[in-house]
Amino acid sequence: MNELFIELFSEEIPARMQKTGAETLGRLIGEALKPLKVQQVKLYSTPRRIAGCFIVEAEIPASVISERGPRETAPEKALEGFLRKFQATQNELTKENGFWVLHRNQPAIPAEAFIAKTLPELLWQFPWPKSQRWGKGSTFTWVRPLHKILCLLNGKVVYFPLSHNGDTGHDDTGHNLSSGSETAGHHFLSSGFFSVSSCKDWEEKLSSHFVIADTDQRRKTLLQGLEKLTEAENLTIAPDTGLVEEVTGLVEWPVPFLGRIEESFMDLPIEVMQVSMRVNQRYFTLLHKGTHQPAPWFAFVANIPPSDGGTLTVKGNERVLRARFADARYFWDHDRKTPLFSKLDRLKAVTFHAKLGTQFERTQRLISLSSFIAKNIGASPTLAERSALLCKIDLTTGMVGEFPELQGVMGGYYALHDQEDPACAQAITEHYSPKGVNDGVPTAPVSISLALADKIDTLAGFFAVGEKPTGSGDPYALRRAALGVLRMIRENQLSLALEETFQYALSLYPETLSQPETLQELMEFIRERLRIQLRSEDVPHDILAAILSAASLLDVNQIVERIKHLTQFLKTEEGLNLLAVVKRANNILRIENRKDGPHHGDVTPNLLTEPSEQTLYKVFSKVLPATQQALQDNNYPQALTELSSTRSILDTFFETVTVNDPSEDLRKNRLKLLSQLTEMAKSVADFTQIDG
């Protein structure tokens with residue numbers, strides 16, 4: 001085993017970039033050093049470094065390189081170019097099958113030499129989301145100024161300079177950086193650089209210099225420290241995974257503390273307190289254990305242990321938080337002096353989107369659309385309209401201006417203060433939900449109506465003005481909106497005709513924006529989101545394709561139910577036999593349609609000469625309407641039963657009847673009969689999409 005250890009030591013890396021930076025380092029090392037059969041052992045990131053430990057082979061084995069050159073009869077210049085490319089002489093070439101061929105023995109390359117040659121270019125091309133230049137004399141960029149490159153192979157320095165020949169042809173000094181064995185400890189608790197001899201030695205020495213290099217261990221230490229303090233006060237930390245991750249990336253030596261919140265601020269909404277502490281100060285909200293009610297305490301994590309035990313540190317943070325809460329108190333009190341409704345006209349000055357008008361115009365659309373949806377899902381249209389009227393007004397309030405994260409939430413609080421119906425207040429609070437895959441969906445009827453209206457209007461509007469998601473870009477989060485619509489429908493078991501709803505949403509825009517193709521694009525977009533959602537739930541791709549090809553998006557939950565029933569049906573012998581028969585009919589039609597198709601239209605009974613085709617025609621006459629009726633009644637199992645009832649007579653038909661009869665009239669009539677089968681089957685499921 002040959003241990004390769006790399007550390008890139010810099011000034012403070014933003015917390016959000018540390019993990020990604022370490023993962024990128026691991027990926028690039030694996031790709032660049034692939035000939036050494038790299039095995040990743042562990043990646044590290046702290047506020048001032050990313051690092052990785054790898055296992056590599058001792059060398060790249062010797063090999064023979066064979067390159068075919070020009071033909072023997074090729075012009076002399078072609079041969080000269082080939083020799084120049086590979087820095088070879090004609091004596092090294094052999095003639096094989098009319099071509100000049102170069103066989104060259106490639107000696108083994110030691111790992112140290114290959115690493116030293118490869119890593120400089122890797123660092124020059126390292127793809128940080130944002131990077132910077134510094135100093136003079138070099139165009140090298142890094143997320144923050146890079147100070148040290150540590151590179152060890154089995155404890156020995158793999159030396160390489162960062163300098164290289166730039167694009168302009170001039171040498172670039174690379175800030176005179178080169179690899180070595182030195183690193184540094186904590187920014188304040190340690191001084192100077194020190195050498196290390198391995199990954200283990202590096203971790204141990206960093207720990208003695210007040211740096212916990214292992215991210216997981218640093219997070220664990222942080223949480224254990226907080227839990228020890230909160231347990232003593234019978235408190236618990238409000239769940240906030242994102243804040244834990246961020247603070248873990250802000251400290252190298254976590255030192256937790258508790259501070260007090262003045263009782264005069266405890267009547268502020270918990271969301272206001274939590275956002276103010278989280279966004280401005282990276283403080284943790286604390287709750288009373290058992291009741292989970294807000295506690296007059298907060299927690300924070302320092303990067304150094306204060307000499308006085310933290311007394312001044314705690315007092316200083318309490319003073320800062322007092323000022324933050326005083327600002328929040330002002331907005332809270334000031335916003336409630338006038339009712340939400342009285343601020344409605346202010347939305348005329350708030351732009352939703354340059355091509356889609358103001359939030360006031362959007363509110364008018366939401367009123368109509370939420371009422372339309374409410375009528376279709378059994379909610380109160382009156383309450384839905386009132387909720388839609390008020391839902392965007394909190395955008396004009398001081399609190400939301402200070403904390404945009406609270407839009408919707410503050411609207412709900414202000415609506416309750418104005419004595420609006422609680423269902424309206426709840427709908428306003430929840431109308432942005434779900435905000436992500438881990439966020440719950442609204443379950444109250446009025447809330448569902450408004451949340452669906454908000455997302456459907458967003459999708460309709462941006463598609464109407466051509467602002468659709470691209471392969472890599474989705475600036476208006478339209479994919480998330482579509483998934484939110486599907487989740488609300490599925491998790492609340494709603495029966496909502498999506499195509500009709502989107503058509504109504506588009507009708508609320510000016511005629512110049514409401515184009516027929518927009519609805520088709522929207523439906524295809526929603527269909528694709530549903531496909532991705534169901535694939536993530538391990539629905540077989542072929543079953544999914546078969547159902548989505550056969551069914552419109554009139555009812556999402558019906559589609560889901562059909563997938564379940566078809567999956568179970570195809571596990572039976574009856575289902576597999578039907579699949580085979582329908583595929584056989586489709587294959588015959590596909591071939592014959594290429595010759596002189598399509599073969600649609602009514603079957604001529606007088607041309608049915610064989611008993612089995614006469615019987616099949618009679619069976620189809622009964623089964624086709626029965627199948628269609630079962631689908632209209634949303635009885636998909638019955639539709640499958642009706643369709644499968646034709647299987648035995650179809651077997652007989654294929655055994656006793658020659659479809660491609662020499663008589664052209666008989667042939668075409670029989671193809672029309674098969675076409676009836678395939679069309680009937682396709683209304684149930686597109687069996688051609690199913691494997692097997």
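Residues numbered from 1 in each chain as written. Predicted model: local features only at pLDDT ≥ 70, side-chain atom pairs only at ≥ 80, totals over all residues. Heavy atoms only, no water.

## Concerning the overall build of the protein chain
Here is step 1 of the chain: Counting its regular elements, the protein chain contains 24 helices and 21 strands.
Here is step 2 of the chain: In terms of C-alpha radius of gyration, the protein chain reaches 35 Å, well past the compact-globule figure of 26 Å for 692 residues.
Here is step 3 of the chain: Its C-alpha atoms put the protein chain at 100 × 95 × 50 Å along the principal axes.
Here is step 4 of the chain: Counting only residues that meet the buried cut, the protein chain has 49% of its 692 residues in that class.
Here is step 5 of the chain: Of the contacts made within the protein chain by residues no fewer than 6 positions apart, 69% connect residues no fewer than 24 positions apart.
Here is step 6 of the chain: Accessible surface, the protein chain: about 33400 Å² in total, of which carbon and sulfur atoms supply 50%.
Here is step 7 of the chain: Separation between the mean location of the 75 positive side-chain charges and that of the 86 negative ones in the protein chain comes to 3 Å. (Helix = DSSP H or I, 4+ residues; strand = E, 2+ residues; numbered from the N terminus. Rg over C-alpha atoms; globule rule 2.2 N^0.38 Å. Buried < 20%, exposed > 50% of the residue type's maximum accessible area, 1.4 Å probe, protein only. Contact = heavy atoms within 4.5 Å. Areas by Shrake-Rupley, 256 points an atom, 1.4 Å probe, with all protein chains shown as cover. Lys, Arg positive; Asp, Glu negative; His and termini not counted. Charge placed at Lys NZ, Arg CZ, Asp CG, Glu CD.)

## Considering the UniProt feature "domain: DALR anticodon binding" (unreviewed entry) in the protein chain
Here is step 1 of the chain: Under the present numbering, the feature "domain: DALR anticodon binding" (unreviewed entry) in UniProt falls on residues 581-680.
Here is step 2 of the chain: Annotated as 74% helix and 0% strand, the span residues 581-680 places its first and last C-alpha atoms 13 Å apart. (UniProt positions renumbered as here; feature names shortened; annotations may be inferred.)

## A closer look at the environment of Pro 14
Here is step 1 of the chain: Relative to the helices and strands, Pro 14 is located in the loop between strand E1 (2-10) and helix H1 (15-32).
Here is step 2 of the chain: You can call Pro 14 buried: its relative accessible area is 14%.
Here is step 3 of the chain: Counting along the chain gives 660 residues from Pro 14 to Leu 674, while the straight-line C-alpha distance between them is 66 Å.
Here is step 4 of the chain: Apart from the residues lying within four places of it in its own chain, the contact partners of Pro 14 are Val 143 and Arg 144.

## Topic: the pairing of strand E2 (residues 39-46)
Here is step 1 of the chain: In the sheet, E2 pairs with strand E3 (residues 49-56) via 7 bridges, with the strands oriented antiparallel. The residue bridging Lys 42 from the neighbouring strand is Cys 53, located in E3.
Here is step 2 of the chain: A loop of 2 residues connects E2 with E3, the two strands running antiparallel in sequence. (Pairing = 2+ DSSP bridges.)

## What to know about the confidence of the model for the protein chain
Here is step 1 of the chain: Mean pLDDT over the protein chain: 93, with 99% of residues reaching 70 or higher.
Here is step 2 of the chain: By mean pLDDT, strand E11 (residues 164-165) is the weakest element of the protein chain at 76, and helix H10 (residues 381-390) is the strongest at 98. (pLDDT = per-residue confidence, 0-100.)

## Observations regarding the sheet that holds strand E18 (residues 284-288)
Here is step 1 of the chain: Read across the open sheet, the 4 strands follow the order E16-E18-E19-E17; overall the sheet is antiparallel. In this open sheet, the two strands that pair with only one neighbour each are strand E16 (235-237) and strand E17 (255-260). For this sheet the average axis-to-axis angle between neighbouring strands, irrespective of direction, equals 35°.
Here is step 2 of the chain: As paired strands, E17 and strand E19 (residues 294-302) are joined by 6 bridges and run antiparallel to one another. Opposite Arg 260, over in E19, you have Trp 297 as the bridge partner.
Here is step 3 of the chain: The strands touched by helix H8 (residues 311-335) within the sheet are E17 and E19, with E19 carrying the most contacts at an inclination of about 120°. (Axes fitted to C-alpha atoms, helices over the stretch in contact; angles between N-to-C directions.)

## Regarding empty space enclosed by the protein
Here is step 1 of the chain: Going through the model one piece at a time under the given rule, you end up with 3 cavities of 30 Å³ or more.
Here is step 2 of the chain: Computed from the structure, the largest cavity encloses a volume of approximately 50 Å³.
Here is step 3 of the chain: Lining the largest cavity are Arg 260, Ile 261, Glu 262, Phe 265, Glu 318, Leu 321, Arg 322 and Phe 325.
Here is step 4 of the chain: No other element matches the 4 residues that H8 contributes to the lining of the largest cavity.
Here is step 5 of the chain: Split by residue class, the lining of the largest cavity holds 4 nonpolar, no polar and 4 charged. (1 Å grid on protein atoms, 1.4 Å probe; cavity = no way out; pocket = protein on both sides within 12 Å on 5 of 7 lines; lining within 4 Å. Points joined across faces, edges and corners; volume = space filled by probe spheres on them. Nonpolar A, V, L, I, M, F, W, Y, C, P; charged D, E, K, R; others polar.)

## Quick notes on unusual backbone geometry
Here is step 1 of the chain: Geometrically, the link from Ser 433 to Pro 434 is a cis peptide bond, its omega value of -5° lying close to zero.
Here is step 2 of the chain: Along the polypeptide, Pro 434 turns up in the loop between helix H13 (422-430) and helix H14 (445-464).
Here is step 3 of the chain: With phi around 50°, Gln 87 is a residue other than glycine that occupies positive phi space.
Here is step 4 of the chain: Accessibility expressed as a relative area gives 71% for Gln 87, which makes it exposed.

## Structural notes on the domain arrangement of the protein chain
Here is step 1 of the chain: According to the domain assignment, the protein chain consists of domain 1 (2-59 + 111-209), domain 2 (63-106), domain 3 (215-336), domain 4 (340-538) and domain 5 (566-689).
Here is step 2 of the chain: Centre-to-centre, using C-alpha coordinates, domain 1 lies 47 Å away from domain 4. (Domains from an automatic or database assignment.)

## Thoughts on the pairing of E1
A regular strand places its side chains so that they alternate between the two faces of the sheet.
Here is step 1 of the chain: When you tally the buried positions in E1, you get 8 out of 9 residues, the bulk of the element.
Here is step 2 of the chain: Pairing of E1 with E3, which is carried by 8 bridges, proceeds in the antiparallel orientation. Each residue of the ladder has a partner; that of Phe 5, found in E3, is Cys 53.
Here is step 3 of the chain: Bridge analysis of E1 against strand E9 (residues 146-153) gives 7 bridges, and the strand direction is antiparallel. Across the sheet, the residue bridging to Glu 7 is Leu 150, located in E9.

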